[in-house]
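Structural description and commentary
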Amino acid sequence: HQVLRIKTKNEEEVKQLQLLESLEHLQLDFWISPSAPARPVDVRIPAVSVQSVKAFLESQGIEYSILIEDLQDVLDQEKQDMAESAQRQRSSSFDFGTYHTLDDINEELDHIASEYSFVEKIQIGESYEKRPLYVLKFSTGGTKRPAIWLDAGIHSREWVTQASALWIANKIATDYGTDDFVTSLLDKMDLFLLPVANPDGFVYTHTSNRMWRKTRSKIPGSVCVGVDPNRNWDAGFGEVCSLFAPPGPGASDKPCSDSYHGPSANSEVEVKSVVDFIKNHGNFKAFLTLHSYSQLLMYPYGYKCTRPDDYAELESLGRAAASSIRSLYGTTFQVGTICKTIYQASGGSIDWSYDNGIKYSFAFELRDTGRYGFLLPASQILPAAKETWLGLRRIMEHVRDKAN
Amino acid sequence: PAARAAAVALGYLRYLRGGPGRALELRALRRARRQDIDDVGHKYYLELELEDVLDKDRTVNCTAEVLYHLGNKSSAPDVQVTVQGELRSTEEADQEFYNRIRSLEKELVAENIPDSHGNVPPELEPIRLLAGVASGYLIWQNSTENTKFHLAQVKRVKQVKRSDEDLQFDYVVLLHEMVSQEVIPWEVTVLWHPRRGGRVSRDRRQPPHGPG
């Protein structure tokens, strides 16, 4: 169907159009009826009548233009717009302050990606049980801009981390263009966010065991399942501190242990996928990872108790970030190397990233300090996410300034 | 290491002074000092700032000494805690809880406190705090310099009616050990009375978890 706009020059032409209007078999739908010469006449013409109406107008010398080439197109587009708007309605009513299933989280990632042109959902690999590993890429342009990595949920029972990552994703997406920091950050750098780094474990915490930490990979020769994905990176892999009597900290070589490091470094596909992605990209400047609980802000090393070369800068930046966190609700985070702050632990992700040239490598342990531990009430998700965001911001600010 | 000793001190204090109406938490570890005593063990001197979560505006300072015995892994650390000032009285809340439970027709049974989302129904909060008392005992008795325990969840609780005046609760609690990251189920029975306080009558550690 086409919609024509007809410009009548005189009374005579108006009369002609009124004649046309009376011909019912044409099934013309006058949106603006012919009345006076000065007023344009808009009419919807069914496809089958378009040629004959145009021929008539031309033979009478009556001027017309095509207002709408194809009405169906317009209707289709409108329908799509409405659907998108409904999606937007749904996502703006997505409750970030409650715990969600993996399916819900993935749906929300889709919403965010569809709503913002600079956000893209990419898949960097698959879990052991073949679940996609989805990363949100925030990029306003350029080719392989210097980038920041942020992941959450590598230990599946740490539910406040996946929830916070989702809030943070939405925060960044909505703040671009209105918030000075986010705008300046994304104008210079890209951000990659993996909100559920261990989807198999996460599903397991919903369906079977809320306290599950590891992956769900089958271990050859053992009845036990799963590897601690944060002992599986290639950084001092499998090393155990000799000062402590066994079973020592560091990482366990026992498959049934919750800190089992796995048969070899990068044996877990969840870890390997991230390693490959970051190596292939080649331009990451920061590697940030979220855990819970204990309220700590740590930098390398965990596999050894010596200070990293960039100790002074990382300590100072860590303190600044902890200060930012505290400014919101008074929540205190302790700052230090992994070894000094928590325990010696080998095969950790930020040790790997640091040793692979990514200087700004930090691990956060979010709320609380033990009262609820892993079972942090949902009412604390938003406060935790908001204060954590301030800490991440502070670090990203520094990275943005230094990396450019 | 000092933080681990603080957790032991807190566990001990919870066992001695905790109850269904008192939620003691560690606000801050103000000072810590370690002394190595030849042929004996390692002794930690601690200054702690505590708070009762149900009385948030007040903090209580205390000092603690925690002695980990050398070599003998099966012996509990020696703990001494001195609280400066008074803890808020819980007499009323305790009596209310006691009366409520005594008047139940059916023995109380519950699971998963808090639940997966961190929720604790208000009427079960005292049950959880009592589990904290029991866990305090377990933490004190089973800690070494290489462990740091927290109560992760009450998996199951079953009240057992008694002919004497005590309340009895049989718990299965999940203890989270920070260093190994294990979550260990532990059966523990607590006897409690408003005036006499709580004591653990029986406990048994279960294997960490099935294969998965």
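Residues numbered from 1 in each chain as written. Chains lettered and ligands numbered in written order. Predicted model: local features only at pLDDT ≥ 70, side-chain atom pairs only at ≥ 80, totals over all residues. Heavy atoms only, no water.

Chain B appears in an unreviewed UniProt entry as LXN protein from Origma solitaria.

As recorded in an unreviewed UniProt entry, chain A goes by the name CBPA2 Carboxypeptidase, listed as coming from Origma solitaria. For chain A, the Cofactor (unreviewed entry) comment in UniProt is given as "Zn(2+)". Its UniProt record gives chain A the following Subcellular location (unreviewed entry) comment, quoted word for word: "Secreted". (UniProt positions renumbered as here; feature names shortened; annotations may be inferred.)

A separate point is the overall build of chain A. Secondary structure summary: chain A contains 12 helices and 12 strands in total. Since a compact globule built from 404 residues should have a radius of gyration of about 22 Å, the 30 Å found for chain A marks it as more spread out than a globular shape. Each principal axis of the C-alpha distribution contributes one length, and for chain A these read about 105 × 45 × 40 Å. A total of 404 residues make up chain A; the buried ones form 57% of that total. Contacts spanning at least 24 positions in sequence make up 75% of the contacts within chain A whose residues lie at least 6 apart. Surface exposure of chain A reaches about 17,000 Å², of which carbon and sulfur atoms provide 48%. (Helix = DSSP H or I, 4+ residues; strand = E, 2+ residues; numbered from the N terminus. Rg over C-alpha atoms; globule rule 2.2 N^0.38 Å. Buried < 20%, exposed > 50% of the residue type's maximum accessible area, 1.4 Å probe, protein only. Contact = heavy atoms within 4.5 Å. Areas by Shrake-Rupley, 256 points an atom, 1.4 Å probe, with all protein chains shown as cover.)

Right, let's talk about the interface of chain A and chain B for a bit. Between chain A and chain B, the residue contacts involve 32 residues of the former and 27 residues of the latter. The contact between chain A and chain B buries some 2,500 Å² in all, and 51% of this surface belongs to carbon and sulfur atoms. In this structure, the connection of chain A to chain B is made through 1 salt bridge. The partner of Arg371 of chain A in a salt bridge is Glu125 of chain B, and the shortest N-O contact between them spans 3.9 Å. Between chain A and chain B we count 10 residue pairs in polar contact (both at pLDDT 80 or more) in total. Of the residues in the side of chain A that touches chain B, the class split is 20 nonpolar, 5 polar and 7 charged. (Buried area = accessible area lost by both parts, 1.4 Å probe. Salt bridge = Lys/Arg side-chain N within 4 Å of Asp/Glu carboxyl O. Polar contact = N/O pair within 3.5 Å; in protein donor to acceptor, adjacent residues only side chain to side chain. Nonpolar A, V, L, I, M, F, W, Y, C, P; charged D, E, K, R; others polar.)

Take the packing of aromatic side chains next. Residues and elements named next belong to chain A. One pass over the structure, following the stated rule, counts 30 aromatic pairs over all chains. A ring pair is formed by Phe94 and Phe96, whose centres lie 4.9 Å apart and whose planes are at 65 degrees; its orientation type is edge-to-face. Here the two residues Phe94 and Phe96 agree in accessibility, since each one is buried. Here the aromatic rings of Trp149 and Phe287 are separated by 6.2 Å at their centres, their planes lie at 15 degrees, and the arrangement is stacked. One end of the pair, Trp149, is in strand S7 (residues 147–152); the other, Phe287, is in strand S9 (residues 284–292), with 138 residues separating them in the sequence. Among the residues examined, Phe287 registers a relative accessible area of 0% and is labelled buried. Feature note: the residues Trp149, Phe192, Trp233, Phe277, Phe284, Phe287 and Trp352 constitute an aromatic cluster, connected by ring pairs. (Phe/Tyr/Trp six-rings, centres within 6.5 Å; stacked < 30°, edge-to-face > 60°.)

Residue and element names in this part refer to chain A. Evaluated as defined, the whole model comprises 2 disulfides over all chains. Shown here is the disulfide that connects Cys224 with Cys256, its sulfur atoms set 1.9 Å apart. Its S-S torsion of approximately 95 degrees makes the covalent link between Cys224 and Cys256 right-handed. Highlighted residues: Cys224 in the loop between helix H7 (199–207) and helix H8 (269–281) and Cys256 in the loop between H7 and H8, separated in sequence by 32 residues. Here Cys305 pairs with Cys339 through a disulfide, and the sulfurs are 1.7 Å apart. (Disulfide = S-S within 2.5 Å.)

This next bit is on the pairing of strand S7 (residues 167–177) of chain B. All names here are of chain B. The element S7 is extensively covered by neighbouring structure, given that 10 of its 11 residues are classed as buried. Relative to S7, strand S6 (residues 149–160) runs antiparallel, the two being bridged by 10 bridges. Its bridge partner being in S7, Arg156 is matched across the sheet by Val172. Bridging between S7 and strand S8 (residues 183–193) involves 10 bridges; their strand directions are antiparallel. Across the sheet, residue Leu167 finds its bridge partner in S8, namely Trp192. (Pairing = 2+ DSSP bridges.)

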